[in-house]
Every structure is written in structure tokens, then in C-alpha cells.
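# Working through the structure, step by step
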Amino acid sequence: MKKLFVLFSIFSFYSCAELQQIASEYPVGVSDTEIASGLRQALDFGIDKQVTKLTEENGFYSNELVRIGLPPELQKVDKTLRDVGLDALADEGLKVLNRAAEEAVKEATPIFVNAVREITFSDARNILLGSETAATMYLTNKTETKLYNSFNPVVKESLDKVGATEVWSNIINRYNNLPLTSNVNPDLADYVTNEALEGVYTMIAIEEKDIRENVAARSTALLKRVFSLQD
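Basis of the calculations
- Residues numbered from 1 in each chain as written.
- Predicted model: local features only at pLDDT ≥ 70, side-chain atom pairs only at ≥ 80, totals over all residues.
- Heavy atoms only, no water.
- Phe/Tyr/Trp six-rings, centres within 6.5 Å; stacked < 30°, edge-to-face > 60°.
- Helix = DSSP H or I, 4+ residues; strand = E, 2+ residues; numbered from the N terminus.
- Core = buried A, V, L, I, M, F, W, Y, C linked by side-chain atoms within 4.5 Å.
- Buried < 20%, exposed > 50% of the residue type's maximum accessible area, 1.4 Å probe, protein only.
- Contact = heavy atoms within 4.5 Å.
- Expected span 1.5 Å × (residues − 1).
- Arc of directions from axis to C-beta.

Evaluation of the coordinates by the stated rule reveals 2 aromatic pairs. Both rings, one in Phe121 and one in Tyr138, keep their centres 5.2 Å apart while their planes meet at 25 degrees; by these two values the pair is stacked. Here the residue Phe121 occupies a position in the loop between α5 (87-118) and α6 (124-128), and Tyr138 occupies one in helix α7 (residues 134-161), the gap between them amounting to 17 residues.

So this is what it looks like as C-alpha cells:
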């Protein structure tokens, strides 16, 4: 009887309007299927709003978060070329790697869209209530190998399309012909593929974090309903 009195007192304390507001702010009965759909939508938005920025001119090169630098074996090539006055050639080599990534992501965006559509969230609720980039991390773990295999041929074509293959063949030949240097023969396609994939996941994570932290970024009813659970 005492418990019933306490419950009655609580409900009496709030007006009907206040109770409706509380119910809307803290929705109940959101299914795991809805949560999974909301997570997919957040990742889709990451591709649509953030990844597409990478396909623009200087999308990689001008973005400090994802700009592709040089792997260790090419850093010594870069330094040596600059030491002998070939700064312009070294600069061009760095830029064409980023150009190739921009071109590749442009061609491969449908690959990422399909990957999100096909992903199955085995524990959607825990992912929703996890870290600020939990969905992106889950996407990465589930798709990285498959996306690499699909993305690598696109990168190879992009390296040729933007002239990166020719530029780096020239750079490496010039370097290998310098005295007191050991020959290098890096797999540029592998390197650019991994760097471009990391850039894509980074940008998707930015959008996921924004949706989690910024209510105004939840631009659909589904996003509002699902992500209110983690507020």
C-alpha cells in the first residue's frame, strides 16, 4: 500500500504535459532492429557528408586529419632528393599520392555504401551505448579486409590516372641512381590503399561523433529516436 502511495505521489507531482515531455525525451521500446537501422543511417551520413569531402580536389592533401604522408622508406627518398636540390620533384611525389587517394575514393564510394547496407550489428544496443565512434569501429572491424580487396584495384587505376605511377617511377629511379643510396621499390598501391581507407574511416567517425554529441545533427526521426537512448 505504501509503495502504491509513493507511485501515485510521483505521478501526481508531474502534469500530463510534463510526463509527455519526459516520455519523448526518454523513449522506451526502441527495438534492436531500429537501433541497427539508426546506426547504419549514421554511417551512411558519414559517407554522404564527410567522405565525399575527400573526393574533392585537395580533399586529402588539405585535410590534416587524413593527409597522406610518406612511409618510412620513402621519407629517406624525400630527404635525399631535397638535399640535392630536387624539392619540386619531392613535393610533386607527395601531392600525387594524395591525388590518387582522392580519385580512388571518388570511384569507390559505392563500395562503402554497400558495405554499410550489408553490415549486421550483432549487438546493436551495446554499440549504441558504447564509445563515441563505436559504430565506425565496428564497421572497420567487419569490412576493412573486404574493402581493401575491392579498393586496391581502384587505387592502382587512380595512381595511373593522376600520373602518380610515372612520377614515382621517376623519383625512385633518380634516387636509386644517386651514389651511396640503397635501392627502394615500395608498393605504392598497397600503401595508398591503407592510408585512404584509414582516411575514410576517420571521416565517418567524425560524423558519428557529431550525431552522438549534437542533437541538431540528428536530422531524421530515426536518428532522434535511437540516439536519444545514449544521451
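Okay, back to it.
Across soluble globular proteins, you tend to see nonpolar side chains buried next to one another. Leu39, Phe121, Phe151, Leu159 and Trp168 are the most contacted members of the largest nonpolar core, which has 65 residues in total. Mapped by element, the contributors of at least two residues to this core are α3 (32-54), α4 (72-83), α5, α6, α7, α8 (164-176), α9 (188-213) and α10 (221-227). The element that contributes the greatest number of residues to this core is α5, accounting for 13 residues. Contacts of Leu39, omitting those with residues within four sequence positions, involve Phe121, Ala124, Ile127, Leu128, Ala135 and Phe227.

Below, the discussion takes up α4. With 12 residues, α4 should cover 16 Å at 1.5 Å per step; its first-to-last C-alpha distance of 17 Å lies within 8% of that length. Here α4 has its buried residues at Leu74, Val77, Asp78 and Leu81. For α4, the angular spread of the buried residues around the axis is 100 degrees, confining them to a single face. More than 90 degrees from the buried face of α4, the exposed residues found are Pro72, Lys79 and Asp83. Buried-residue contacts for α4 involve α5, α8 and α9. Looking one or two places after α4, you find Gly85, whose phi comes out positive at around 85 degrees.

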